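Commentary on secondary and tertiary structure
The lines below spell out each chain.
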Amino acid sequence: MVATNFQHQKKAQDAKMQKKPDEMFKIDWHHKLPAKIKVHTGKGKRFSPFRSAVAVQNEDNLTIFWTRCPSSESMDIVKDDLARLKE
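A short tour of the structure in this document, coming up. Keep in mind it's a predicted model, so treat the numbers as computed, not measured.

**Let's talk about the overall build of the protein chain**
When helices and strands are tallied, the protein chain shows two helices and five strands. The N-to-C order of helical and strand elements in the protein chain reads α-β-β-β-β-β-α. Each of the 87 residues in the protein chain was classed as buried or not, and the buried ones make up 15%. Across the protein chain, every contact between residues at least 6 apart in sequence was considered, and the portion connecting residues at least 24 apart equals 41%. Roughly 7,300 Å² of accessible area belongs to the protein chain as shown, and the carbon and sulfur atoms make up 53% of that amount.

**Re the pairing of strand β5 (residues 63-69)**
Across a regular strand the side chains alternate sides, sitting on one face of the sheet and then on the other. Where strand β4 (residues 52-57) meets β5, six bridges bridge the pair, whose relative direction is antiparallel. Bridge assignment links Q57 to a residue of β5, and that residue is T63. Turn length for the β4-β5 hairpin, with the two strands adjacent in sequence and antiparallel, is five residues, and the turn residue N61 shows positive phi of about 60 degrees.

Conventions used here
- Residues numbered from 1 in each chain as written.
- Predicted model: local features only at pLDDT ≥ 70, side-chain atom pairs only at ≥ 80, totals over all residues.
- Heavy atoms only, no water.
- Helix = DSSP H or I, 4+ residues; strand = E, 2+ residues; numbered from the N terminus.
- Buried < 20%, exposed > 50% of the residue type's maximum accessible area, 1.4 Å probe, protein only.
- Contact = heavy atoms within 4.5 Å.
- Areas by Shrake-Rupley, 256 points an atom, 1.4 Å probe, with all protein chains shown as cover.
- Pairing = 2+ DSSP bridges.

Structural data, given as structure tokens:
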């Protein structure tokens, strides 16, 4: 039921986010990631490749981009993504 509800609302949500160009972005860095974010490379072999996460929201507080980062806060990590958002 949840998947069906998402499928019906996805088109409306996409249209709402794309209705007008964004004039302002808010960047929010998260430094406390959940301990459960791990990469498994084999039985009993896991590690945490991410140290932080970043989310970008528009002026309506709609999240338009998010990603996890291998290091702490650095604009160099998201510079290319922000350039694509500007386009």
